[in-house]
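Here is what each chain is made of, one letter per residue.
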Amino acid sequence: MTDMDRRGLLAGALASPILAGAARAAADPAPQTSIRLWPNDAPGLQNGALTDHIVDRTIAGGPRDRAYDSIRTPRLDVFPAETPNGAAVLITPGGGYARVVIDKEGYELAAWLQARGITAFVLFYRLPAQGWADPADTPLADAQRAIRLIRARAAEWRVDPARVATIGFSAGGHLCADGCTRFDRRVYAPIDAADALSARPMLAAPIYPVIAMESPIAHTASRANLLGHHAVPADLVEHAPDQQVRADTPPCFLVHAEDDGTVPVENSVRFRAALKAAGVPVEMHLFERGGHGFGLRGAAHLPAAGWPDLWHAWAAGHGLFGASAR
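A short tour of the structure in this document, coming up.

### Quick notes on the layout of surface pockets
- In this structure, the largest pocket spans a volume of roughly 230 Å³.
- Lining the largest pocket are 17 residues, and of these Gly95, Gly96, Arg99, Ser170 and His292 sit closest to its centre.
- Going through the elements one at a time, helix H3 (103-114) and helix H7 (220-227) are the ones with two or more residues in the lining of the largest pocket.
- Among the elements that take part in the lining of the largest pocket, H7 stands out by supplying three residues, more than any other.
- When grouped by side-chain class, the residues that make up the lining of the largest pocket number two nonpolar, 10 polar and five charged.

### Describing the pattern of salt bridges
- The full count for this structure, using the stated rule, is 18 salt bridges.
- Between Arg153 and Glu156 there is a salt bridge, and its shortest N-O distance comes to 2.9 Å.
- Overall, Arg153 belongs to the partly exposed group, its relative accessible area being 24%.

### Describing helix H4 (residues 138-152)
- Spanning 15 residues, H4 covers 21 Å between terminal C-alpha atoms, matching the ideal 21 Å at 1.5 Å per step.
- The element H4 is extensively covered by neighbouring structure, given that 14 of its 15 residues are classed as buried.

### A closer look at the packing of H3 against helix H10 (residues 307-317)
- Two elements in contact, H3 and H10, have axes separated by 12 Å at closest approach and are oriented at 50°. Of the possible angle classes, the one that applies to H3 and H10 is oblique. The handedness of the crossing between H3 and H10 is right-handed. Here Leu109, Trp112 and Leu113 of H3 lie close against H10, whose contacting residues are Trp307, Pro308, Asp309, Trp311 and His312.
- Its residues assigned to classes, the contact of H3 with H10 comprises six nonpolar, one polar and one charged.

### Some points on the nonpolar core
- The biggest cluster of nonpolar side chains holds 76 residues, and the ones touching the most others in it are Trp311 and Leu320.
- Here the element with the most residues in this core is H4; it accounts for seven residues.
- Formed by 12 residues, the second largest nonpolar core is a distinct cluster that contains Cys176, Cys252, Phe271 and Ala274.

### Structural notes on the side chain of Asp195
- Topologically, Asp195 is positioned in the loop between helix H6 (171-181) and strand E9 (204-207).
- Beyond its immediate chain neighbours, meaning those up to four positions away, Asp195 contacts Arg145, Arg148, Tyr188 and Pro190.

### Structural notes on the sheet that holds strand E2 (residues 53-56)
- The three strands lie next to each other as E2-E3-E6, forming an open sheet whose pairing is antiparallel. Of all the strands in the sheet, the pair left with one neighbour each is E2 and strand E6 (100-101).
- As paired strands, E2 and strand E3 (residues 66-70) are joined by four bridges and run antiparallel to one another. Opposite His53, over in E3, you have Ser70 as the bridge partner.

Basis of the calculations
Residues numbered from 1 in each chain as written. Predicted model: local features only at pLDDT ≥ 70, side-chain atom pairs only at ≥ 80, totals over all residues. Heavy atoms only, no water. 1 Å grid on protein atoms, 1.4 Å probe; cavity = no way out; pocket = protein on both sides within 12 Å on 5 of 7 lines; lining within 4 Å. Points joined across faces, edges and corners; volume = space filled by probe spheres on them. Helix = DSSP H or I, 4+ residues; strand = E, 2+ residues; numbered from the N terminus. Nonpolar A, V, L, I, M, F, W, Y, C, P; charged D, E, K, R; others polar. Salt bridge = Lys/Arg side-chain N within 4 Å of Asp/Glu carboxyl O. Buried < 20%, exposed > 50% of the residue type's maximum accessible area, 1.4 Å probe, protein only. Expected span 1.5 Å × (residues − 1). Axes fitted to C-alpha atoms, helices over the stretch in contact; angles between N-to-C directions. Parallel < 35°, antiparallel > 145°, perpendicular 65-115°, else oblique. Left-handed = near helix turned anticlockwise from the far one by under 90°. Contact = heavy atoms within 4.5 Å. Core = buried A, V, L, I, M, F, W, Y, C linked by side-chain atoms within 4.5 Å. Pairing = 2+ DSSP bridges.

See the structure below:
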C-alpha cells in the first residue's frame, strides 16, 4: 500500500456481520494500491471536521455494496493490469453527488478492465455539498487532477499517457461528460509539474449520465447537490455538458436504458445531439430494459449486459489499445 492506508476500509468490510466472511471478502475485487490526489488537504476545504466515511449497504447473501457518503481525502484506487496493453481508464462511480459508490460502479468494472489488460483507476471524488470553497467545480478539479497524475506517473503503471480514457455512471457520468467538455477549464491552482499536463481524456463513456440541468429531464437531486437550490441560469449552462460540447471534445460512447426512471434517457439523447452537431464521433446504445444504476451486475440476463463488450470494441476501434483503426 502506498500513499493511502486502506486498513479502515478493509477492516470495516470484513467486520460487517452481513458479509459471508473473510473468504468472500478476499474474493471481492480490491485495488492493489491507493494514491491521494493532493499532497495536503484538497483545495477549498472549509469544514475541518469533515472525514472519510463509508456506509455498507450490502444485503445478506447479495454482492458487496458500499458507498462513501463523506469524502475529505479524494483518491485514486489503482487496479494495475497484469499484462498491460498500455491503456488506462479512469472510472467515476455515481451516487447523485451525495455519495460515491465503491463496488457496483467502481471496483467491479475496474476488475473487468484489469482482466483485459487495461489499468483501471477508481476515483473517489469530493462531494460538492460538503462545504468546499468552489462546490460546483470541486468534482471536476478532482477528475482533472486524476488524469494529470495518471499521465505524470504513466511509466510506473506501464501505461501510455496518450491513451487515458474515462468511464462514469449517473452523477459520475455527469463528471465524465463534464471532464471531456471542460477539460481545460482552470478550476484549481496548479501545485506541481503534473498540473502542466493535459486533462483531456482520449475517449469518454458517460453511462446513463446526468446531463441536463433544467427541468423536466434534470435529475434534481444531483443538480441540487452540485449547484445548490438557487442556481442562476449561467450556472445551469456552465454545468450542463451538452451545452459545453465543442469540436475538440473527445469521442464519446453512451449507454442508457429506455426505462430509466431516475435519469431520463433524454439526457443521453441530448448529449448525443450536441456531439453530433459539433462533429464529435459518438456511439450510443439504448436498451429497452435496465432501469437506472445497472453497472455490470444489474444488467445480468438483460440485453444491456453486453454494454462493456460494446464499449471495448468501440474503444479498440478508436485506438485505445494500440494503433487506431480510424
